Amino acid sequence: MSNDDILLQVEDLTTSFRIDEQFYPANDHINLDVYENEIVAIVGESGCGKSAFGHSIMGMHHQEQTKISGKIHFKGVDLLSYSNTQLNKVRGKEISMIFQDPLTALNPLMIVGKQIEEGMKYHTKLSKNKRKQKAIEILNEVKIPQPERVYSQYPHELSGGMRQRIVIAIAIACEPSLIIADEPTTALDVTIQARIIDLLKELKRRMKTSIILITHDLGVVSEMADRIAVMYAGEFVEIGEVKRFLKNPLHPYSKSLLYSLPSKNNQGEKLHVIKGVVPSLNHLQRQGCRFKPRMNGTDDSIHEETPTLREVEKGHWVRCTCYKHFHIENSHQVVEEEKDDVFQGQ
Amino acid sequence: MTFFKVNNLKVYYPIRGGIFRRVVNHVKAVDNINFELKRGETYALVGESGCGKTTTGRTVVGLTKATSGEVIFNNLDLTKCNRKQIRESRREIQMVFQDPYSSLNPKKTVYDIVAEPLRNFENLSKSEEREQVEYFMQKVGMSRDSLFKYPHQFSGGQRQRVGIARALTLKPKIIIADEPVSALDASVQAQVLNFMQDIQEEFGLTYLFISHDLGIVRHMCNRIGIMYKGKFVEEGTREDIYENPQHIYTRRLIASIPELDTDQHQNSELLRKNIEEEYQKENDKYFNEDGSVMDLKPVSDTHFAALR
Ligand SMILES: Nc1ncnc2c1ncn2[C@@H]1O[C@H](COP(=O)(O)OP(=O)(O)OP(=O)(O)O)[C@@H](O)[C@H]1O
Ligand SMILES: Nc1ncnc2c1ncn2[C@@H]1O[C@H](COP(=O)(O)OP(=O)(O)OP(=O)(O)O)[C@@H](O)[C@H]1O
Ligand code: SF4
Ligand SMILES: [Mg+2]
Ligand SMILES: [Mg+2]
């Protein structure tokens, strides 16, 4: 991958929400590159700022409630410098989003077929008949049974999983070059999930579409994504290749995340949990390591500083002070040794 | 005495068409299902999107009307009860909703949302109420300073936890949990699942656990019913379903579980392909000529499958 292949370059992005007259960052100085023809997964605890990140790229935050700084280069231009009219030309056509929350993303008063056609109406010159034909094709692609019938149904007449597929259909209608997929398969059963995964991968293969995949399902990450970025409390704490990450996660948060999955071997037993909760935005301690309050037995002398993201192996970035104090060659060992502390959680 | 039982339940929704949107047909969302919940167990309803799981749950709590059939609880048929009886049973059967966005009233604070069932059913003093709300909010891992915020100020997972706290406040006997953790990341998911197991012991709860995550179902549930297009295709204990699945649809579900180990991707792809082929080829073993599901036949004392 060379720099020429960079489709999206997020630089020092900070997105803050207003809470009682003050603004608190939900994304704090974030950097991420997304290459052409690449699927990058973003995972992290509920409330860590994944959707906020996606909404920033889409330019959809409420203007008075939100402050954004930094740069979001898409195909070389900074989207944050765009006016709303300029953004409207990009949104839905070049970049589209599969929203986490299908019910509020859909217009309750419009049949779903028409909602799929909206983007085509705005961005293409297709005739009315062609649009309808294409909408039905797309419904078919997202595995909606009886697409002709569903075309003229209203959102409330569909099951949760069907609604989610309508939202996917809307997002892919104009064949964008970047899709931000916020939990695209959460409401789907595994058989349909498997088909949607195939569909999105096929889209990537066919049109070199890049996808930012926000999900908490590490199985889906494993089957779909090329790279993974782990977010904690508004910052990326680990970025790397999926294959390597799953075999050898380095950040203590990533490690516990993998450790808390139910598996054949812990049926009926208590699952591992990370003690404590993510503090809310206005109570988050922003000095030092943000994960520290949730770890046991850390040595204060090496954890006073604010850890930065460091490249510990080629393409594998970790935000953890340990790497500052120990040799990269030793890094795995160090975290291994710490494991007991981390997992004392409960 | 039966604790809870669903007999021959059917729920049909009208399909409207034409300019006047007249009823032209019906969606058979739930089409003649039977199952029983034993006190203290966790029973899973699993199945493809649109197969009628939510509809079943909503009908059990009385939010959707049954077309026919019975829902027996406390020796009463809930589909034929009077208002007062329904009110009592509502209290004892609570539901955690699938969609954490639309199920919470956006105009109310989280505190009021969680306290609402208490206000409807119990006569608590302000301080008792506050104590209860704080207790359950803390149980679902929400910090105290979130109490007086509004739903839109929370992430999807946080809202789901509010929904669970709300369902718990009345200490019901049965909780219908519709995809309770599907919006949550692995660590919070683990927290909520552990919590659900803890309170199950503490309060002797019975769960009807609706989920499409077969990993979680294996972890949580004693018995499992697999639904397909409004009907059951298989029912059995956890071992029956995972170690000895009979229906092709069940096997398809199990094969579709996303594989975490990247080295196994080729194997699981192959398995999926084989099952898909069998599904095409041996269709008549599992489905009637018109594509409908066969009747359940016993495989063992605990295990039933819809086979010829
Ligand atoms: N409009 C808003 N006003 C104030 N705070 C907000 C607003 N929207 C989100 N937040 C807060 O910002 C943080 C990040 O929220 P976000 O929705 O991005 O989380 P998420 O990572 O997508 O979580 P989930 O996995 O649960 O969807 C959370 O603490 C949330 O409570
Ligand atoms: N209010 C309604 N009016 C008409 N049809 C409906 C209504 N609610 C649900 N349906 C239909 O009934 C069927 C079952 O829906 P239900 O919501 O019970 O599915 P589900 O198993 O919960 O699916 P999912 O996993 O996607 O949530 C679907 O075909 C759906 O389109
Ligand atoms: S820097 Fe220290 S406290 Fe933070 S994650 Fe690493 S080991 Fe834990
Ligand atoms: Mg989100
Ligand atoms: Mg449902």
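Quick caveat: nothing in here was measured; it's all calculated off a predicted structure.

(A) Region of the structure containing the coordination of the magnesium ion (ligand 4). All names here are of chain A. Coordination of the magnesium ion (ligand 4) by the protein involves Ser 51 (OG) and Gln 100 (OE1), with metal-donor separations of 2.0 to 2.3 Å. Here the residue Ser 51 occupies a position in helix α1 (residues 50–58), and Gln 100 occupies one in the loop between β6 (95–98) and α3 (102–105), the gap between them amounting to 49 residues. Classification of Ser 51 by relative accessible area gives buried; the value is 19%.

(B) Looking closely at the site of ligand 3. Taken together, 12 residues lie around ligand 3, and Cys 289, Met 295, His 303, Cys 320 and Thr 321 of chain A are the ones closest in. Its residues assigned to classes, the shell around ligand 3 shows six nonpolar, four polar and two charged.

(C) Seen up close, the nonpolar core. One finds Val 46, Val 133, Met 137, Val 162, Leu 168, Ile 224 and Ile 226 of chain B to be the most contacted residues of the largest nonpolar core, which totals 64 residues. Residue contributions to this core peak at seven residues, all from helix α6 (residues 186–203) of chain B. Counting contributing residues per domain, this core is built from domain 1 (4–221) and domain 2 (223–308) of chain B, each supplying no fewer than three. Filtering out sequence-adjacent residues up to four positions away, Val 133 of chain B remains in contact with Tyr 111, Val 114, Ala 115, Leu 118 and Leu 147 of chain B. Core analysis: the second largest hydrophobic core is formed by 61 residues, Ile 166, Leu 188 and Ile 211 of chain A together with Ala 186 of chain B among them.

(D) Region of the structure containing the site of ligand 2. Within the structure, ligand 2 sits among 19 residues, and Gly 161 of chain A together with Ser 49, Gly 50, Thr 54 and Thr 55 of chain B are positioned closest to it. Between Ser 159 of chain A and ligand 2, the recorded distance is 3.0 Å, taken from a side-chain N or O atom to an oxygen atom. The backbone of Cys 51 of chain B places a nitrogen or oxygen atom 3.2 Å from an oxygen atom of ligand 2. Computed on the free molecule, ligand 2 has an accessible area of 640 Å², of which 86% lies beneath the protein chains in the complex. Every element with two or more residues in the shell around ligand 2 is listed here: α7 (160–172) of chain A together with β2 (22–37) and α1 (53–60) of chain B.

(E) Quick look at the packing of helix α4 (residues 112–123) of chain A against helix α5 (residues 128–141) of chain A. Residues and elements named next belong to chain A. At a minimum axis distance of 9 Å, the contact between α4 and α5 shows a crossing angle of 120°. Classified by the angle between their axes, α4 and α5 sit oblique to one another. Note that α4 runs across α5; the crossing there is right-handed. The residues of α5 that touch α4, namely those facing Gly 113, Lys 114, Ile 116, Glu 117, Met 120 and Lys 121, are Lys 128, Arg 131, Lys 132, Lys 134, Ala 135, Ile 138 and Leu 139. A breakdown of the residues in the contact of α4 with α5 according to their chemical character gives five nonpolar, one polar and seven charged.

(F) Spatial organisation of the packing of aromatic side chains. All names here are of chain B. For the coordinates displayed, the defined rule picks out 14 aromatic pairs over all chains. Plain terms: the ring middles of Phe 4 and Phe 35 are 6.5 Å apart, the flat faces sit at 45° to each other, and that makes the pair tilted. Here the residue Phe 4 occupies a position in strand β1 (residues 4–17), and Phe 35 occupies one in strand β2, the gap between them amounting to 31 residues. Ring plane angle 20° and centroid distance 5.4 Å describe the contact between Phe 35 and Tyr 43, whose orientation is recorded as stacked. The class for Phe 35 is buried, based on a relative accessible area of 4%. Through successive ring pairs, a cluster of aromatic residues spans Phe 3, Phe 4, Phe 35, Tyr 43, Phe 73 and Phe 232. Of note, Arg 252 hangs over the ring of Tyr 279, and the distance from its end group to the ring centre comes to 4.3 Å.

Criteria and thresholds
- Per chain, the residues get numbers from 1 upward, laid out in the order the sequence is written.
- The order in which chains are written sets their letters, starting at A; the order in which ligands are written sets their numbers, starting at 1.
- Totals for whole chains, interfaces and linings use all residues, but because this is a predicted model, local features are given only for residues with pLDDT of at least 70 and pairs of side-chain atoms are given and counted only at 80 or more.
- The side-chain quantities take in all heavy atoms of the structure and omit both hydrogens and water.
- Nitrogen, oxygen and sulfur within 2.8 Å of a metal are treated as its donors, or within 3.2 Å for sodium, potassium and calcium (Na, K, Ca); water is not counted, so a site can appear incomplete.
- Runs of H or I in DSSP of at least four residues are treated as helices and runs of E of at least two as strands, each being numbered from the N terminus.
- Using a 1.4 Å probe on the protein chains alone, a residue whose accessible area is under 20% of its type maximum counts as buried, one over 50% counts as exposed, and one in between counts as partly exposed.
- Throughout this document, a residue counts as near a molecule or strand when at least one of its heavy atoms sits within 4 Å of that molecule or strand.
- Polar here means any residue outside two lists: the nonpolar Ala, Val, Leu, Ile, Met, Phe, Trp, Tyr, Cys and Pro, and the charged Asp, Glu, Lys and Arg; Gly therefore counts as polar.
- Residues grouped as a nonpolar core are buried Ala, Val, Leu, Ile, Met, Phe, Trp, Tyr and Cys residues, joined through side-chain atoms within 4.5 Å.
- Where each domain starts and ends comes from a domain assignment, either automatic or drawn from a database.
- What makes two residues a contact is simply this: any of their non-hydrogen atoms within 4.5 Å.
- Polar contact is defined as a pair of N or O atoms within 3.5 Å, subject to the rule that within protein one atom must be able to donate a hydrogen and the other to accept it, and that residues adjacent in sequence are counted only when both atoms are side-chain atoms.
- All accessible-area figures derive from a Shrake-Rupley calculation using a 1.4 Å probe, and residue coverage is judged against the displayed protein chains alone.
- Geometry is summarised by axes, namely lines fitted to C-alpha atoms with helices restricted to the contacting stretch, and by angles between N-to-C directions that run from 0 to 180 degrees.
- Working rule for angles: under 35 degrees goes down as roughly parallel, over 145 as roughly antiparallel, 65 to 115 as roughly perpendicular, anything else as oblique.
- Each helix crossing is assigned a hand: it is left-handed if the near helix lies turned anticlockwise from the far helix by less than a right angle, otherwise right-handed if that turn is clockwise.
- The aromatic pairing rule takes the rings of Phe, Tyr and Trp, using the six-membered ring of Trp, and pairs them if the centres are within 6.5 Å, calling planes under 30 degrees apart stacked, those over 60 edge-to-face and the rest tilted.
- Only when the NZ atom of a Lys or the CZ atom of an Arg is both within 6 Å of the ring centre and within 35 degrees of the ring normal do we say a charge sits over the ring.

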